[in-house]
Amino acid sequence: MRLGAMIPDFNGDMQYCFTPLASYICDTPEAAMLAAVGGKTSPLMMAMFKQFGDPFCHELCMHETTLAQLLVAKSKTDPVDVEAFFCEAQHFRLNGVHEPFWRNYLLTCPSSFLTPEFLHYLHRKFWDHDAKWCINVIGAAEIDFCFLILQPIVGYQHFKGGITKLKQVIGCIHCDIQCYIVGIISGPSPTGFVTAIHALMDFHYRVQAH
């Protein structure tokens with residue numbers, strides 16, 4: 001924060017230090033709340049949902065930009081009047097939080113400290129999109145049969161009923177399906193599709209490396 005603290009270093013000398021906000025791991029709704037932006041607005045960039053498909057990167061959601069927008073909203077109405085201030089904040093696609101907790105942290109921007117968490121950004125995304133693509137390409141019956149005939153392996157889930165009818169799928173099951181999926185689709189799927197899914201799986205594992 002802006003007020004540092006005297007902390008001894010490894011030589012025993014006192015140093016004036018500040019605590020950096022390096023990472024805040026959260027899902028998308030929490031990230032939007034922390035960045036003080038409204039719904040359907042990116043907490044990392046200055047883009048709303050209608051612009052998410054743009055073929056270019058929008059301007060980053062910077063610390064200075066958000067605080068400047070809040071200052072403009074405060075100049076027009078008192079934050080104590082919650083309803084009026086919320087209406088003013090909406091002009092900048094903000095959620096009405098007038099004092100974000102990170103406002104006094106130096107060198108801190110939502111675009112840098114909001115870190116994706118693996119459960120939703122990787123594993124849940126795989127189940128909601130990648131797995132559904134695979135089912136559509138080779139068919140539900142075929143993919144269930146391929147999982148059924150797999151040799152059971154100690155430490156991995158065996159899907160004797162396939163995967164298309166699974167309910168309440170949790171993270172560890174997502175991971176087990178990811179371990180099998182490239183081999184499952186490599187026969188009946190087009191080469192380009194297998195390459196794309198293979199690349200996504202490689203990305204999942206690389207971003208989880210230390």
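## Examining the overall build of the chain
A tally of helices and strands in the chain yields 8 helices and 4 strands. In sequence order, the chain lays out its α and β elements as β-β-β-α-α-α-α-β-α-α-α-α. Whereas a compact globule of 210 residues would reach a radius of gyration of roughly 17 Å, the chain reaches 23 Å, over 25% beyond that. Over its C-alpha atoms, taken along the principal directions, the chain stretches across nearly 65 × 55 × 30 Å. Counting only residues that meet the buried cut, the chain has 32% of its 210 residues in that class. Summarising the internal contacts of the chain: among those between residues at least 6 apart in sequence, 57% fall at separations of at least 24. For the chain, the exposed area adds up to about 13,200 Å²; of that, 62% sits on carbon and sulfur atoms. In the chain, which carries 14 positive and 19 negative side-chain charges, the distance between the mean positions of the two groups comes to 7 Å.

## Some thoughts on the environment of Ala140
Mapped onto the elements, Ala140 comes out in helix H6 (residues 140-148). What Ala140 contacts, discounting residues up to four positions off in sequence, is Ile135 and Thr164.

## Examining the state of the cysteines
Taken as a whole and assessed by the stated rule, the structure comprises 0 disulfides. No disulfide involves Cys57; its sulfur sits 14 Å from that of Cys61, the nearest cysteine. Summary of cysteine pairing: Cys172 is not part of a disulfide, and the nearest cysteine sulfur, belonging to Cys175, is at 7.4 Å.

## Let's talk about the nonpolar core
Among the nonpolar cores identified, the biggest contains 22 residues, and Ile143, Phe147, Ile177, Ile181, Ile184 and Ile185 are the most heavily contacted of them. Once you skip the residues sitting within four places of it in the chain, Ile181 turns out to touch Phe126, Cys134, Ile143, Phe147, Ile197 and Met201. Grouped together as the second largest cluster of nonpolar side chains are 16 residues, Ala32, Val37, Ala73 and Leu94 included.

## Topic: the packing of helix H2 (residues 63-76) against helix H3 (residues 82-90)
Between H2 and H3, whose axes approach to 9 Å, the crossing angle comes to 135°. Compared by their axis directions, H2 and H3 come out oblique. For the pair H2 and H3, the sense of crossing is right-handed. Contact residues: H2 offers Leu70, Ala73, Lys74 and Lys76, while H3 offers Phe85, Glu88 and Ala89. Tallied by class, the residues present in the contact of H2 with H3 amount to 4 nonpolar, no polar and 3 charged.

## Quick notes on helix H8 (residues 191-207)
For H8, spanning 17 residues, the distance from its first C-alpha to its last is 24 Å, which sits close to the expected 24 Å at 1.5 Å a residue. The set of residues buried in H8 consists of Phe193, Val194, Ile197, Met201 and His204. One side of H8 carries all its buried residues, which in axial view fall inside an arc of 100°. In H8, the exposed positions that point more than 90 degrees away from the buried face belong to Thr191, Gly192 and Arg206. Where H8 is buried, its residues meet helix H5 (118-138) and helix H7 (171-185).

Calculation notes
- Residues numbered from 1 in each chain as written.
- Predicted model: local features only at pLDDT ≥ 70, side-chain atom pairs only at ≥ 80, totals over all residues.
- Heavy atoms only, no water.
- Helix = DSSP H or I, 4+ residues; strand = E, 2+ residues; numbered from the N terminus.
- Rg over C-alpha atoms; globule rule 2.2 N^0.38 Å.
- Buried < 20%, exposed > 50% of the residue type's maximum accessible area, 1.4 Å probe, protein only.
- Contact = heavy atoms within 4.5 Å.
- Areas by Shrake-Rupley, 256 points an atom, 1.4 Å probe, with all protein chains shown as cover.
- Lys, Arg positive; Asp, Glu negative; His and termini not counted.
- Charge placed at Lys NZ, Arg CZ, Asp CG, Glu CD.
- Disulfide = S-S within 2.5 Å.
- Core = buried A, V, L, I, M, F, W, Y, C linked by side-chain atoms within 4.5 Å.
- Axes fitted to C-alpha atoms, helices over the stretch in contact; angles between N-to-C directions.
- Parallel < 35°, antiparallel > 145°, perpendicular 65-115°, else oblique.
- Left-handed = near helix turned anticlockwise from the far one by under 90°.
- Nonpolar A, V, L, I, M, F, W, Y, C, P; charged D, E, K, R; others polar.
- Expected span 1.5 Å × (residues − 1).
- Arc of directions from axis to C-beta.

Shape descriptors only; they carry no functional weight alone.
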